[in-house]
Each structure stands twice: as C-alpha cells, then as structure tokens.
Amino acid sequence: MALNNSYLHVFTCYSKLLKDYHEISMIYNKKKTLGAVASALVKQKLAQVILKKQKAVLERTNSNPLSSPSVAYRLETALITAHSCLSAHAHRLMCFSSDFKIKVFYSSPSSSSTPVSGCSSPNDSLPNENGVLPATATLVIASGPHKPLSRTRSEPLPQSPRVLHPHLLQQQQHSAQLLERLKQQTHLGKLMSKSSEKPRLRQIPSEDMDSEEVGPSVGDAHQGRVRAESQRELESQEEQLNLQHTLILNQQLQHLRRQTAHMETLAVPMMLGAAHRPLSRTQSSPASTSLTLPDKALPLTTAQEPPQSQPRFTTGLVYDSQMLKHQCTCGDNSSHPEHAGRIQSIWSRLQERGLRGQCESIRGRKATLEELQSVHTERHVLLYGTNPLNRLKLDNRKLAGILSQRMFVMLPCGGVGVDNDTIWNEMHTSTASRLAAGSVTELAFRVAKGELKNGFAVVRPPGHHADPSNPMGFCFFNSVAIAAKQLQQKLSASKILIVDWDVHHGNGTQEIFYNDPSVLYISLHRYDNGNFFPGSGGPAEVGSGAGEGFNVNVAWTGGLEPPMGDAEYLAAFRMVVMPIAQEFSPDVVLVSSGFDAAEGHPAPLGGYRVTAKCFGFLTRQLMALAGGRVVLALEGGHDLTAICDASEACVSALLGLEEPLPESTLLQTPNANGVLSLQRVLQIQSQYWPSLKPLMGTVGMSFLGAQRKDCEETDTVNAMASLSVGVLTNKSLADEPMEHDEDSL
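Nothing here was measured: the structure is a model prediction, and the numbers come from that model.

Chemist: I'd love a proper account of the packing of helix α9 (residues 341-352) against helix α19 (residues 640-654), names of residues and values included.
Modeler: Their axes nearest at 9 Å, the elements α9 and α19 cross at an angle of 45 degrees. Of the possible angle classes, the one that applies to α9 and α19 is oblique. Helix-helix and strand crossings are classified by hand; for α9 and α19 the assignment is right-handed. Contacts between α9 and α19 involve G341, R342, S345, I346, R349 and L350 from the first element and L640, T641, I643, C644, D645, S647, E648 and V651 from the second. Looking at side-chain class alone, the contact of α9 with α19 contains six nonpolar, four polar and four charged residues.

Chemist: Which residues make up the sheet that holds strand β8 (residues 496-500), and what values do they have?
Modeler: Pairing is parallel in the open sheet, where eight strands are placed in the order β4-β3-β7-β12-β11-β8-β9-β10. A single partner strand is all that each edge strand has here, and the edge strands are β4 (360-363) and β10 (551-556). Neighbour-to-neighbour, the strand axes of this sheet turn through a mean angle of 15 degrees, independent of strand direction. As judged from the five bridges shared by β8 and strand β11 (residues 588-593), these two strands associate in the parallel manner. Each residue of the ladder has a partner; that of V499, found in β11, is V591. On top of the sheet, α9 reaches β3 (315-319), β4 and β12 (630-634); it is set at about 140 degrees to β3, its chief contact. Packed on one face of the sheet, helix α15 (residues 479-491) meets β8, β9 (519-526), β11 and β12 and runs near 170 degrees to β11.

Chemist: How would you summarise the pairing of β12 if you had to cite specific residues and measurements?
Modeler: Here β12 lies mainly inside the structure; five of its five residues are buried. Burial of β12 is two-sided: the residues V630, L632 and L634 facing one way and the residues V631 and A633 facing the other way are all buried. Sheet topology places strand β7 (residues 454-457) next to β12; three bridges connect them, and they run parallel. In the sheet register, A457 faces β12, and the bridge partner there is A633. Looking at chain direction, β11 and β12 are connected through five bridges and run parallel.

Chemist: Quick rundown of the UniProt feature "site: Contributes to catalysis" (unreviewed entry) in the protein? Include the residues and the values.
Modeler: Mapped onto this structure's residue numbering, the UniProt feature "site: Contributes to catalysis" (unreviewed entry) falls at H638. Inspection of the secondary structure assignment puts H638 in the loop between β12 and α19. What H638 contacts, discounting residues up to four positions off in sequence, is P337, E338, R342, F474, D596, H601, L605 and I643.

Chemist: Which residues make up the pattern of salt bridges, and what values go with them?
Modeler: One pass over the structure, following the stated rule, counts 15 salt bridges. Between R349 and D645 there is a salt bridge whose closest N-O contact spans 2.7 Å. Residue R349 is found in helix α9, and its partner D645 is found in helix α19; the two are separated by 296 residues along the sequence. By relative accessible area, which is 30% here, D645 ends up partly exposed. Measuring nitrogen to oxygen at the nearest pair gives 2.8 Å for the salt bridge that ties D528 to R526. Overall, R526 belongs to the buried group, its relative accessible area being 10%.

Cut-offs applied
- Residues numbered from 1 in each chain as written.
- Predicted model: local features only at pLDDT ≥ 70, side-chain atom pairs only at ≥ 80, totals over all residues.
- Heavy atoms only, no water.
- Axes fitted to C-alpha atoms, helices over the stretch in contact; angles between N-to-C directions.
- Helix = DSSP H or I, 4+ residues; strand = E, 2+ residues; numbered from the N terminus.
- Parallel < 35°, antiparallel > 145°, perpendicular 65-115°, else oblique.
- Left-handed = near helix turned anticlockwise from the far one by under 90°.
- Contact = heavy atoms within 4.5 Å.
- Nonpolar A, V, L, I, M, F, W, Y, C, P; charged D, E, K, R; others polar.
- Pairing = 2+ DSSP bridges.
- Buried < 20%, exposed > 50% of the residue type's maximum accessible area, 1.4 Å probe, protein only.
- UniProt positions renumbered as here; feature names shortened; annotations may be inferred.
- Salt bridge = Lys/Arg side-chain N within 4 Å of Asp/Glu carboxyl O.

Structure, rendered in structure tokens:
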C-alpha cells in the first residue's frame, strides 16, 4: 500500500512539473516581447516561502514512517524514479537560463537538503559515466552574479555512484528505463526536441552558491507571481523527495561502511568500483587453483591456523587411547594379564615424572591392510584386521569364505578367545591391533628419517608371537616385524637390527626373517630346553639359506635356580649382543621391549630379576649403534609397578638422562646356568661372527672385571708394540756405523 501511494505521489509531482514547464515556456515566450525579469521583492518572498517549506518538509520527514530502513528499502525504486524524472525536467529548464538566469545545483545524496547547499564532493557536479545526472537537482531562480556559500557538511562522499551498494545501482538502472517509457507516453520527446534548439548553459562549477541580490528586475508582476508559485511548488516537492532519498542513501552508505570496516578487520582485500578483481583465497581452498589471484593479495588472517611448532629432535612417544578398548567381554581383568591398565599406567608414569614433556608425542595411526600383508597372509589380515563395520567395504564373497573358517574358544571367564590365552573382542580387537602396528611403524619412520632422535611406543596388544598366519600369546599382528618390513620397502633400509629382550622367545619375528640376511634378529629369553612358552628359540636356530647366521638366540636354561638377573643380561650384552651388532653395523635398531623379565613377575610369567636400571643401561648400550636411531616398542610385561619402572628407565636413557648401575651390580659375575647358556651361544655363533672368538675366555667374568681385563690386555699390547718399536729403532741405529764403514771401504 505504501508503495502504491509513493508511485501516486511521484506521478502527481510529474504532472505538476509538466504544468510548470508549460507555464515557464509561456513566460519565456512572453518575455521575448515584454522582457520580464523577476523583481527583488518577488525573489525575497520566494526565499521566505522556500525556507518555510523546508522546515515543514524536515518535520514531516522526521516523523515519516518512510524513514525506517525496511520501508525505505522497499520504496527506493519509486523515489529514485521520481528523482530521475525531476532531474530530467530540471535539465530541460536549463535551456531558458540565458534569459531567466536559472541556476541548477546538483546536491549529492549525503549533502544538506537545504536549497542553498551544494555538493559535498568535488565531483558530484559531474555527470557519471552513463551520462545520467548523478544526484537530485534543486532549482533556484536568481539573477545576476553570485558568490559561494560555505559547505554545510564536511563528510566526504565516494566520487562515483559505482561505490554505492550494487542493489542501488540496479535500482537506478531500473528508474532510467522507467523514465524512458514515461517519455514515450507523454510525448516528452517532442518537448525535448524543441528545447534542444535553445542555447545550453556551460557546466556549472561544483561550488556552493548563495542568493545575493542583484539589480532590480523588470517584468509583469502577475507573471512573476505565477512563476514564483510554480517554482515554490516544484521546490517543495523536489526537496521532499531529495530528503527522503538522502536518508535512504545515507542508511545504505552507513551499512556499506560498517560492512567495509568489518571486512577490513578480517584483512580481506575489498576493492570497490569497476576495477573489480577476485578476492584471494586460502591455499587450502579447493578452488584456489582455479582462481586468478591479485598480484599482492592480502592474506585471510582469520583463516590461517596458528603456526605449528616444528618437531624437536628428541625422543618420540606414541600412544593412543583406542588401544584400551581391546578388553575381554567378560569385563574382569584380574584373569587376563594383558589388559588395558598396562599401557595406561605406563603413560601416566611418564607424565608424573615429567618425561612426556621432554619428549615429542606423535599421533598413532592404524596400519593399512597392505602394510599388514607385508608380513601376514591375506586370510590372517582379513580375519583379525577387520570388524563388522569396516567389513562392509570389503569383497563380501571373498570375506564370507574366510570368515567361515574362523575358530574361537570359550574361555573360563566366559569370554571369547582365539586360544586359551588370547582374548578376542569383535568390535575393538582389530582396531587396537592395527593401531599398535601402525604406531610402531610411524615412530620407526620418524626416527629412521632423522625427524626424531629415538623413540618409545606405548602400545598393546603385543606382537612378537604373531607369525604370518596365526595369532598367539596375546598377539595378533607382529608390530616390530611390520615396521621393519616397511623400512625395507619404503625407506630402503639395508640392515635392520631387532633386539628382543622379552622373557618369551619371539617365535613370530624369528619365522618372518629366518631367511633374510638384511634383518639381524637377536633374542634373549627363558628357554629351559624348550619347556618354557612358546618352546622355540634354541641356540642352534641360526637362520636358513641366505639368512643363516643372522638369527641369534641367547637361550637361558636351568630354570629359576637361581633366576637370571642383571649380571647375566650384562654378560650377554657384553659378549654376544654388542659384538655381533657392531660387526653387523645396522641402519636402525628396533627393540621388542617386553619387561616380563623384570623382577616382580611370578614364575609362570617369567620369574627373572632384571632391574629397571638394568633395562635403562641396556638401552644406552644400544644407543651406540646406528647413529642412535633406536626405537623401543612395548611387548610383554604384566606387573604394573615393574613395567612402569622399566619404561621410565628406558625413556630416561633415550633422553640421555644418566642412571648409572650400582658398582656392586657391575662387579657381579653371572651364575653357573648363565655361563653355560652363554658358552653354548658363543660356540655356535662364533662360526658366523669372528668378533666373538676372543671373548670366549671371559664368560665367567663380571662386567667391570671384563673391562679391566680388556684394559690390561690393551695396555700389554700397547707396551709390546712400543717395545717392538724401540728394539727396531735401536737395531737401525746400531747398523748405521756398519753401513758407514762399508761405504768408507
């Protein structure tokens, strides 16, 4: 309804303007004969009427509901149309200015609405690029010279209508089209053709002007009165539209400025006007490659992520809470030695001791099916590496045949297992097992590439018992073996050392690399002539084919009378592990770091008495190999205190924190069963590793005792060498006179 009223008002104004046009034309024609010019009295009365009208219009505008943004926006088209019509007729009336001294002022949308105020911007008086007058026209009839008025507003405006809201530009184009249709309907074209014959005024400069009185006017009083009344009506109608239009445009400009200021706070390059270029996009945008970017585009600072700190060259730790979900469905951990509390306790201990803060924590990941199949058969991977959710993505026909071969056992606790020891959780076991394998592989890659100095993987379930086609001993996928295979295939690691100090033999790891000379596997485990789980790992198992001599089993025998401890493990490292490893010269060292040989485990789970500090000492020994590229991966170990202490000691060693062993431990000699076990290993492995032969006479010595003997032997050798050099020197000196005598003869 408001819009219809506005259109009616516009057309009423237009009709009155036509009437005024005809009346002024008649005055012009009559002026040719009478030479009428408005008198000073008429001009004074006209100015008073205009001021009164202005006040009335301002009051109506302030109380006018059209001033609200919502209504103003809807009526914008009607107002702009009226503005265009009135401006066009004002332009036509300029044709008579040579005789009537008509001055046309163009007021910008944000300028004052008073008739005597002019442009607020230097360019407002210029037509825009399309030839349309840029703003409303205000007509003041004056005669004679004039002088400029002071500006009523100092607020600068954009120099071109192009900077206004795009919707306003569309509305102005629409109003121009509507004006053309009105011209055709009212035969305005004929009037325009007639008026075009009249002389046109030169362009009015963009100055504010006032109404200074000039000389007396001559003319008919009646015609002057008619002209003044017509002009007053025209001024009143024009001024009302001008004010309303100004309010609308001011609101639009304020909204545009707020939007521009907001964009500037976001550092978005915003270019207004015709020279438009596409905004720059962040590099992560999918469309960034298809856009032509500006030469110097400002970055979208709010889209940038905070800079991430570069990984430190330190010890890496990997852990993932999803591995905790691998639990027996019975819900009772007391009957399951391999439970989630193992890794949870270790992770908490490392935090409590402040070691996690000194390390670089990396995110674990699931091993891919392809990575798993680098070690295990496809059947094994599909059986134990998938759950009901991700099986939907696989080939149902192949998977259906494999799943039909699944064999599970009912455990005494009421849960389900793949054997009497190894529990199976249909929803979570596959994910936890793949996370363990993938996390160890990821950590090994970071260390091998030099991104990290070394690392420790807090993972479960363990893996060294898993062979290519069978899970067993709490293990499903052989994490360390998979990491070694990936290092070979993707990083071209030529020589990899795997040290396994879990109390149980890593039968799966041995089988996987039994024929591979590029992977040296050394295991220290309780053997007892094959009577301890898993029963494999005798000293005579040395590898086969090309891998013969690259499988070393330090197989402890003799049971627990007495149990093996620090002295035996130190002797094994001194006489077997380190000499062979140094001769092999590996690129990377991977450790199957089971802690079930640590003191605190009952006989069925180990029964040995290796201290936590000894595990730290063994770690420091291995750090002398492969440029320090050592990765430990948790295997067994079920006494929470023992495995937390041992893990803390190993991580401290990796960080370079010294934890020296007591001298009493270093002076302790291995027990008799330990000596017999080591002698058997040396006898077999010395065929493949010449560095072992000189050590066979020191088997029964303590760690410090053997070092002292080595020092004594070294001193003796050096002394003998220096003595030999001295004898040779004296002999040469004694021979010189004889040679001289012979020469003299």
